[in-house]
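# A look at the structure
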Amino acid sequence: MLRNAMASAPSPICSLLLLVMLLPPSTAALSKPPARYQYHTLRATPLSAKPTARAGVGAGSISGANFAAFFDDTGNASTVRLLLAHREAFAAPNATAPQLLAHRLARDAARAVEISAVAAGATANGTRAPQRRGGGGFAAPVVSGLSQGSGEYFAQVGVGSPPTPALLVLDTGSDVVWLQCAPCRHCYAQSGRVFDPRRSRSYAAVPCATPLCRRLDTGGCDKRRGSCLYQVAYGDGSITTGDLATETLSFARGARVPRVAVGCGHDNEGLFVAAAGLLGLGRGRLSLPTQVARRYGRSFSYCLVDRTSSVKPSSTRSSTLTFGPAALAGAAHASFTPILRNPRMSTFYYVRVVGFSVGGARVRGVSERDLRLDPATGRGGVILDSGTSVTRLARPVYAAVRGAFRSTAEAAGGLRPSPGGFSLFDTCYDLRGRRVVKVPTLSLHLAGGAEVALPPENYLIPVDTRGTFCLALAGTDGGVSIVGNIQQQGFRVVFDGDRQRVGLVPRSC
């Protein structure tokens, strides 16, 4: 009987198989291989420990005699394209890359606060530009301002007749074109000579009674001279004040645009860095796109080079700011989405973001409600901005994207956040000693089916010389979300004014 009982007992292997079959599904699932994630390979190059050297004038920069020769070209090409090396000729001596980045992020925070306040509290001050196609086009080289601790990008423009070279901040978040002018009551240090209107044959003051003067949000009148005065104040306390005038602007290969309304600033104070002034590319009535629409159409595009190109002496990265038919070059490869309008603020370029993907999977917990523009109040929404460095997302959206990135980075590449953070950034990784790492992909999904897949350099960036890299996004409670220029770099951003849409063309600088 004992022998028969032993013979009928199940073997150890059968018992093990039976146990596995009886396990609950959740326990059995633990033995499955991890899901596949989409990832990029990032070259983990820390910031340079060397002080930023002052670059010399050469083929990689436009200044002095080179600048004058460049703008004296009399070619009349209907489409203007120009690519230049982007080596700065005015780097701040002895400043290290980490110091410049920290300063840049501090200024960036002030700008983001300003944009949120303006978007929610300003009244509309804009009209739609007349629709007209053709007229050729013009372009301006664009350089990164990183070597001056600036997160902005600078357009190289000639001002006046003969043209005075000027580096103007590329700013889609404002309308007025202005620059510092002699004689200065208060002027900050800029790269190159301050423009002197007394030496220009094409400079003309704007009379107080003209419609052009009435387009200003904040204007005045010098009754003694009968000339229009302008003032632009920024949320960080910076301010520019002076005369409103019309002047000729010169661009690449001899393209000249006469009678552009510009602010000639004799009193300029605040956190302006290196640039001679600002090139307003917003949607308002005094912005450069609106002013040149009759002649060149309502479209323009820019391509923002690698933000570190200005501090790399060997860099050959280049780009242009382009108006006219050439602005739409490559549009067939762009991911387009409609431009939305905020009735309380005509300046900004709003887009509708409908979601995010990390590692190839849509991020859960992202509500369109947190990213939607409320036309009644002017709050909320998402804007594309060339002057803000770091993308800001409404707090709940940022928390969801950050959480997805952290978990996917650990699963896909074994990356775990290091303690602490850096300035605006709260998700950082210690990559010292690692030359290449796997990082999850990150994409924005826009209305109309457009998807913007970001290169890894656009969202995981070095912040020091030791090998610390941080997720270059931040949360905001300010109401409006912002897609900043770090995330735009390497794309040609196409503003198609005739069809009221914006598109991003990858790898187009």
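What you see is a predicted model, and the numbers here were worked out from it, not measured in a lab.

### Points about the overall build of the protein
On a plain count of helices and strands, the protein comes out with 10 helices and 30 strands. Across the 509 residues that make up the protein, the buried fraction comes to 56%. Long-range pairs, those at least 24 residues apart, make up 74% of the contacts in the protein with a sequence separation of at least 6. Of the roughly 22500 Å² of accessible surface on the protein, a fraction of 55% belongs to carbon and sulfur atoms.

### A look at the sheet that holds strand β23 (residues 442–446)
Spatial ordering of the open sheet is given by β18-β17-β23-β24, a layout of four strands whose pairing is antiparallel. Edge strands, defined here as strands with exactly one partner in the open sheet, are β18 (361–362) and β24 (451–454). Of the strand pairs in this sheet, strand β17 (residues 353–358) and β18 are connected by two bridges, and their pairing is antiparallel. Bridge pairing in β18 links Val358 to Ala361. The sheet contacts of helix α9 (residues 395–413) involve β17 and β23, and relative to β17 the element is tilted by about 15°.

### What to know about the pairing of strand β7 (residues 219–222)
Of the pairings in the sheet, the one linking β7 to strand β8 (residues 227–233) comprises four bridges and is antiparallel in character. Within the sheet, the bridge partner assigned to Gly219 lies in β8 and is Tyr230. The antiparallel pairing of β7 with β8 creates a hairpin that spans four residues between the two strands, and Gly226 there sits at a positive phi of about 70°.

### Some words on α9
The terminal C-alpha atoms of α9 lie 26 Å apart, and with 19 residues this matches the ideal 27 Å at 1.5 Å per residue to within 8%. Where α9 is concerned, the buried positions are Val397, Tyr398, Ala400, Val401, Ala404, Phe405, Thr408, Ala409 and Gly413. The buried residues of α9 all sit within an arc of 160° when viewed along its axis, so they share a single face. Directly beyond the C-terminal end of α9, a positive phi value near 70° is found at Gly414.

### Quick word on the nonpolar core
Generally speaking, soluble globular proteins have nonpolar side chains that are buried together. Residues Leu279, Leu288, Leu321 and Phe356 are the most contacted members of the largest nonpolar core, which totals 74 residues. Among the elements that take part in this core, α9 stands out by supplying seven residues, more than any other. No fewer than three residues from each of domain 1 (138–329) and domain 2 (331–506) sit in this core.

### Digging into the UniProt feature "active site" (unreviewed entry) in the protein
Sequence positions flagged by UniProt for "active site" (unreviewed entry) are, in local numbering, Asp171 and Asp385. The largest pairwise C-alpha distance within this set of annotated residues, which runs over 215 residues, is 7.2 Å, so the set is compact in three dimensions. Looking at the secondary structure, you find Asp171 in strand β4 (residues 164–171). On the basis of relative accessibility, which here comes to 2%, the residue Asp171 falls in the buried class. Ignoring sequence-local partners within four residues, the contact set of Asp171 consists of Arg111, Leu278, Leu279, Gly280, Leu281, Gly282, Asp385, Ser386 and Gly387. Within the structure, Asp171 has its side chain in polar contact with the side chain of Arg111 (distance 2.5 Å). Looking at Asp385, the relative accessible area reads 0%, which means it is buried. Here Asp385 is in contact with Arg111, Ile115, Asp171, Thr172, Gly173, Ile482, Val483, Gly484, Asn485 and Gln488, once residues within four sequence places are set aside.

### Remarks on the packing of aromatic side chains
Here the structure, examined in full by the defined rule, presents eight aromatic pairs. Ring geometry for Phe300 versus Phe323: centroids 5.5 Å apart, planes at 25°, classification stacked. Linking Phe300 in strand β12 (residues 299–303) with Phe323 in strand β13 (residues 320–323), this pair joins segments that are 23 residues apart in sequence. Neither Phe300 nor Phe323 differs from the other in exposure class; each is buried. Joined through ring pairs, the aromatic side chains of Phe300, Tyr302, Phe323, Tyr349 and Phe495 make up one cluster. Stacked on the ring of Phe336, the Lys or Arg Arg501 has its end atom at 3.6 Å from the ring centre.

Parameters at a glance
Residues numbered from 1 in each chain as written. Predicted model: local features only at pLDDT ≥ 70, side-chain atom pairs only at ≥ 80, totals over all residues. Heavy atoms only, no water. Helix = DSSP H or I, 4+ residues; strand = E, 2+ residues; numbered from the N terminus. Buried < 20%, exposed > 50% of the residue type's maximum accessible area, 1.4 Å probe, protein only. Contact = heavy atoms within 4.5 Å. Areas by Shrake-Rupley, 256 points an atom, 1.4 Å probe, with all protein chains shown as cover. Pairing = 2+ DSSP bridges. Axes fitted to C-alpha atoms, helices over the stretch in contact; angles between N-to-C directions. Expected span 1.5 Å × (residues − 1). Arc of directions from axis to C-beta. Core = buried A, V, L, I, M, F, W, Y, C linked by side-chain atoms within 4.5 Å. Domains from an automatic or database assignment. UniProt positions renumbered as here; feature names shortened; annotations may be inferred. Polar contact = N/O pair within 3.5 Å; in protein donor to acceptor, adjacent residues only side chain to side chain. Phe/Tyr/Trp six-rings, centres within 6.5 Å; stacked < 30°, edge-to-face > 60°. Lys NZ or Arg CZ within 6 Å of the ring centre and 35° of its normal.

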